[in-house]
Amino acid sequence: MIRRRQHRNRKNILVIAVVVLALLISAIYILLLRDIDAAKVTSNENIAAIASNQELSLDERVDRIVNNMSDAEKVGQMLMIGIQGTRVDDDTSYMLNEYAIGGVILFDRNMQSQEQVLSFNKQLQESRHGELPLFIAIDEEGGKVARMKDSFEPPPSQWKIADSKDFQQAEKWAEYTADGLKNMGFNVNFAPVADVGNDEAGRMYSDDPEMVSNFVKAAVQGYEKKNILCTIKHFPGLGKGEADTHDNFVQVNADMDTLQAQDLLPFREMFKQGNQDNFWVMVTHVTYSALDAKNPASMSEVVMTNLLRNQLGYNGIVITDDVDMGAIAKHYSFADVGVKAVQAGADIVLVCHEYDHEIEVYNGILSAVRDGSISKDRIDSSVKRIVRAKLMHLQSA
């Protein structure tokens, strides 16, 4: 009888101990969550204070802001995503805040009128995570590649502008485009095209590398005058591509001497003569047998780090072309796409169309940072470029 009572008492004590332990763990978990939330608020307040502290140099402010960010926030800054709808809905708000997204691109599906777009872009900035403003981008090249043509008259195609043989026409039309985009709340345009060649859409200035170079420089000057970021594309030049990366894999087999003399010339000249803080470089998904026969340029360390950074000396922001394109989406998992691009040297991964794909890219990069596949130094170098650009160009957003 006594043994049974002792056994029962021991069981009761064990049950009580388990319950107490569970309550203790719950309390600790709740306190940790509160601490995490408080840390986030403090971090955001610190970022706002640092960004406006004019006693610090630009580089000092950039370093301090990046040091105040979590890995999750840093990865979010390295994504630019497409969204659905014409206003900020629950899905958009969730994406911006759950993943601390740093940039958004709009398409015709998001745009009804200039007034609606301005309102939408203001809502996006107000709905962002944290204190750093969003990059809000658009593809407004001119000609056939233009958005919302019924409400905003697009510039002529680049080929038509170059027909004038007057470089100032490129500058004039860039200023016109920049004014219109800024008035709608955009701060990045994915133009001008620096490819050498001729296509049916007239997207390229010319098949003469020198002429392309001069028109690209003039266009960039037009955007600079209006303080809107522009993007020269598609590095290292897709003028020789005989298919469309929107659909599937594309390979260019030109030798290195040809690439250097033709396709790379407009980029090389722009890097030498332009202010690299004022323009981005978009890297294509084309594979170049003379550079890296195994990887598309947007996932190639040979192209983005060895060639673009080290040999040509470009230190600004590098963004991939849209990884939803067939050249990438048909051959790689989205969990791997962002990892490969960042490891190769990309600062921003562009994912334009599906929320599921955007989440997979984000989670893939963050997991790689946490398991050491992508070093902290690697993402910090990209996020510093991003923060620098935002402080220089978007601080008033």
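Relevant structure appears above.
Residues numbered from 1 in each chain as written. Predicted model: local features only at pLDDT ≥ 70, side-chain atom pairs only at ≥ 80, totals over all residues. Heavy atoms only, no water.

Draft legend 1. Geometry of the side chain of K74. Checked against the element boundaries, K74 lands in helix α3 (residues 71-77). Exposure remark for K74: the relative accessible area of 8% places this residue in the buried category. What K74 contacts, discounting residues up to four positions off in sequence, is V66, M69, I379, D380 and V383. (Helix = DSSP H or I, 4+ residues; strand = E, 2+ residues; numbered from the N terminus. Buried < 20%, exposed > 50% of the residue type's maximum accessible area, 1.4 Å probe, protein only. Contact = heavy atoms within 4.5 Å.)

Draft legend 2. Seen up close, helix α5 (residues 114-127). In this model α5 runs 20 Å from its N-terminal to its C-terminal C-alpha over 14 residues, within 8% of the 20 Å that 1.5 Å per residue would give. Within α5, burial applies to Q116, V117, F120, N121, L124, Q125 and S127. Next to the buried residues of α5 lie α4 (90-98), β2 (103-105) and β3 (135-138). (Expected span 1.5 Å × (residues − 1).)

Draft legend 3. Fine view of the packing of helix α8 (residues 209-225) against helix α10 (residues 265-273). Where α8 meets α10, the closest approach of the two axes is 8 Å, and the angle between their N-to-C directions is 40°. Overall, the two elements α8 and α10 adopt an arrangement that is oblique. In terms of crossing hand, the pair formed by α8 and α10 is right-handed. Between α8, through P209, E210, V212, S213, V216, K217 and V220, and α10, the contact on the second element is made entirely by L265, P266, E269, M270 and Q273. Counted by class, the contact of α8 with α10 contains 7 nonpolar, 2 polar and 3 charged residues. (Axes fitted to C-alpha atoms, helices over the stretch in contact; angles between N-to-C directions. Parallel < 35°, antiparallel > 145°, perpendicular 65-115°, else oblique. Left-handed = near helix turned anticlockwise from the far one by under 90°. Nonpolar A, V, L, I, M, F, W, Y, C, P; charged D, E, K, R; others polar.)

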